Amino acid sequence: MKKIITLTLVFCLMISMSLTGCVSSTVDEKATDENNEVTFLGENATDDEINSFITAKSDNPDRVVLKYASTSADLNGQSYLRGCREFLKVLKEELGDKIEIQYYLNGTFGGSADAILGGLQNGNFEMSDWPMASFAEFTNAFQPLDVPYLLKDMEGAREFYLGQAGEIMRQKCITDTNIRPMFYGIIGMRQMTNSKNPITSPSDLKGLKIRVQNNPLHIAGMKALGCAPTAVSFSELFTALQQKTVDGQENPIETIYNFQFYDVQKYLTLTNHLCALGTIAVSDKFYDGLDPEMKAAFDQASVAAEEYIVKDITASESTILEELKQKIEVTELADDQIAAFQDASKKAWPEIKSIIGEDYFNQVVSAAGLE
């Protein structure tokens, strides 16, 4: 009887260990090489595991060290940044110990266009995430993206930048700056919040002081909608809203939520007036100097990052919007209401075209079939 009991316990223990092993391999989804080093991470990896994998040291004497600079504190906070991290993860999976990626976060190299774009040009670091709108000090390549209601939703924006228009903008950026945007990543459609009243038509904006970026195209577009655009740095925006220096602001939904603007604003309107895009930028000289294997890995990582962002932001914004509805009054505009905003904004298009350069604007718009 004792032998039977012992054998039964051993059999149960073996089943338990087998099941435990199966669960562990499903959760971890890690692949390792002969040295037991992680070479691949699955979908269930934690943020810490992903960051540790990306920044793992390499003992390869021929490794290429890639310094990644970001003004963000981490690459976990929103879809676009998670997409940038996906780029780095795929790059590491493809190249292994042939590269060593080093993080320099929280504005280590500075936070201005001069510091980031100039830093890429000067070889201070190899890669950085950077919004397209903030290239304007160096090139007008991406200024068509700042034309209000040229792009009306994320689906249209993706069709725009994946087509000939996106390639024209990329090549102009390279020509003007020697900086290569590796991909277009959607940060989100820009929406309006304010502390005064619901916005359902351009007339509701009259007299409202709305914070905008210090961008002449954004300023012209918001003036056409009837408000008083006021340039305020992003770092000072929450305080400016809290102290009523400005009545409202416009940003993508993830930004509105992550920076808790709902604490100092009462109304959110889904105006979809601009699509904010960002990229991982590298020096074109650096990219051209890569061997074919590395260049192919960079290109593959670019495709993976763009696709990751589209999938991630679609799910993220849907969830966040439902949470925002518990904190702030949300107005979703009907098609005829959106049309009123579009018509009003087009009053600014002649001025905007002259700022961009009418020939270049027409070239990009024509390539996208938006004439």
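These notes cover the structure that comes with them.

Rules behind the numbers
Residues numbered from 1 in each chain as written. Predicted model: local features only at pLDDT ≥ 70, side-chain atom pairs only at ≥ 80, totals over all residues. Heavy atoms only, no water. Helix = DSSP H or I, 4+ residues; strand = E, 2+ residues; numbered from the N terminus. Contact = heavy atoms within 4.5 Å. Pairing = 2+ DSSP bridges. Right-handed = clockwise from strand over helix to strand, strands pointing away. Patch = residues over 30% accessible without salt bridge, like charges linked within 9 Å, V, L, I, M, F, W, Y side chains within 5 Å. Areas by Shrake-Rupley, 256 points an atom, 1.4 Å probe, with all protein chains shown as cover. Salt bridge = Lys/Arg side-chain N within 4 Å of Asp/Glu carboxyl O. Lys, Arg positive; Asp, Glu negative; His and termini not counted. Charge placed at Lys NZ, Arg CZ, Asp CG, Glu CD. Buried < 20%, exposed > 50% of the residue type's maximum accessible area, 1.4 Å probe, protein only. Core = buried A, V, L, I, M, F, W, Y, C linked by side-chain atoms within 4.5 Å. Phe/Tyr/Trp six-rings, centres within 6.5 Å; stacked < 30°, edge-to-face > 60°. Axes fitted to C-alpha atoms, helices over the stretch in contact; angles between N-to-C directions. Left-handed = near helix turned anticlockwise from the far one by under 90°. Nonpolar A, V, L, I, M, F, W, Y, C, P; charged D, E, K, R; others polar.

A word on the overall build of the protein
Part 1 of the reasoning: Assigned secondary structure in the protein consists of 14 helices and 12 strands.
Part 2 of the reasoning: Counted over contacts in the protein with a minimum sequence separation of 6, partners at least 24 positions apart contribute 73%.

Regarding the environment of I187
Part 1 of the reasoning: Residue placement: I187 occurs in strand β7 (residues 185-194).
Part 2 of the reasoning: On a C-alpha basis, the gap between I187 and Y80 in space is 5.3 Å, while along the polypeptide they are 107 residues apart.
Part 3 of the reasoning: Contacts of I187, omitting those with residues within four sequence positions, involve Q78, Y80, P131, P252, E254, A276, L277, G278 and I313.

Examining the pairing of strand β9 (residues 228-231)
Regular strands place their side chains on alternate faces of the sheet.
Part 1 of the reasoning: Sheet topology note: the strand β8 (residues 209-212)/β9 ladder contains 4 bridges and is parallel. Bridging from a neighbouring strand, V212 pairs with A231 of β9.
Part 2 of the reasoning: After leaving β8, the chain enters helix α7 (residues 216-224) and then returns to the sheet as β9, a path that is right-handed.

Concerning a positive patch on the surface
Part 1 of the reasoning: A cluster of basic residues, K196, K209, K244 and K266, forms a positive patch on the protein surface.
Part 2 of the reasoning: The topology assignment puts K196 in the loop between β7 and β8.
Part 3 of the reasoning: Overall, the relative accessible area of 51% leaves K196 in the exposed class.

Here we look at the nonpolar core
Part 1 of the reasoning: Counting residues in each nonpolar core, the largest one holds 75 residues, and the members touching the most others are F87, L91, M127, F135, F142, I280 and F298.
Part 2 of the reasoning: Sort the elements by how many residues they give to this core and helix α3 (residues 79-95) lands first, with 8 residues.
Part 3 of the reasoning: Of all hydrophobic cores here, the second largest spans 16 residues; its members include A240, I320, L321 and I328.

Quick look at the packing of aromatic side chains
Ring pairs (aromatic) are described by centroid distance and by the angle formed between their planes.
Part 1 of the reasoning: Applying the stated criterion across every chain, the model contains 14 aromatic pairs.
Part 2 of the reasoning: Residues F234 and F259 carry aromatic rings whose centres are separated by 4.8 Å and whose planes lie at 90 degrees to one another, so their mutual orientation is edge-to-face. Of this pair, F234 sits in the loop between β9 and α8 (237-242) while F259 sits in the loop between α9 (253-258) and β11 (267-283); the two residues are 25 residues apart in sequence, bridging distant segments of the chain.
Part 3 of the reasoning: The partly exposed category is assigned to F259, whose relative accessible area is 42%.
Part 4 of the reasoning: When the ring of W349 is compared with that of F361, the centres are 6.0 Å apart and the planes differ by 80 degrees; the resulting orientation is edge-to-face. Here the residue W349 occupies a position in helix α13 (residues 349-356), and F361 occupies one in helix α14 (residues 358-367), the gap between them amounting to 12 residues.
Part 5 of the reasoning: By relative accessible area, F361 is classed as buried at 3%.
Part 6 of the reasoning: Site record: aromatic cluster; members linked through ring pairs are F87, F183, F286 and F298.

Quick word on helix α4 (residues 113-122)
Part 1 of the reasoning: Of all 10 residues making up α4, 7 are buried, and the element is well covered by its neighbours.
Part 2 of the reasoning: All of the buried residues in α4 are A113, A115, I116, L117, G118, G119 and L120.
Part 3 of the reasoning: Elements in contact with the buried residues of α4: β5 (127-131), β6 (179-181) and β11.
Part 4 of the reasoning: At the C-terminal side of α4, G123 shows a positive phi close to 80 degrees.

Details of the packing of helix α6 (residues 164-177) against α14
Part 1 of the reasoning: At a minimum axis separation of 7 Å, α6 and α14 run at an interaxial angle of 145 degrees. Crossing handedness for the pair α6 and α14: right-handed. Contacts between α6 and α14 involve Q164, A165, I168, M169 and K172 from the first element and Y360, Q363, V364 and A367 from the second.
Part 2 of the reasoning: Along the lines of polarity and charge, the residues of the contact of α6 with α14 split into 6 nonpolar, 2 polar and 1 charged.

Details of the side chain of K92
Part 1 of the reasoning: With respect to the helices and strands, the residue K92 is situated in helix α3.
Part 2 of the reasoning: With no salt bridge to any partner, buried K92 finds its closest opposite charge in E100, at an N-O distance of 6.7 Å.
Part 3 of the reasoning: Filtering out sequence-adjacent residues up to four positions away, K92 remains in contact with F53, I54, A56, I99 and E100.

Describing unusual backbone geometry
Part 1 of the reasoning: Positive phi outside glycine occurs at N178, with the angle close to 60 degrees.
Part 2 of the reasoning: Looking at the element boundaries, N178 is found in the loop between α6 and β6.
Part 3 of the reasoning: Classification of N178 as partly exposed rests on a relative accessible area of 32%.
Part 4 of the reasoning: Positive phi values are uncommon outside glycine, yet K244 reaches one of about 65 degrees.
Part 5 of the reasoning: If you trace the backbone, K244 turns up in the loop between α8 and β10 (248-252).

Points about the pattern of salt bridges
Any two side chains of opposite charge can pair, given that their charged atoms come close.
Part 1 of the reasoning: Overall, the coordinates contain 16 salt bridges when judged by the stated rule.
Part 2 of the reasoning: K89 is the partner of E93 in a salt bridge, and the nearest nitrogen-oxygen pair spans 3.3 Å. Of this pair, E93 and K89 both sit in helix α3, separated by 4 residues, roughly a single helical turn. Each member of the pair, E93 as well as K89, carries the same accessibility label: buried.

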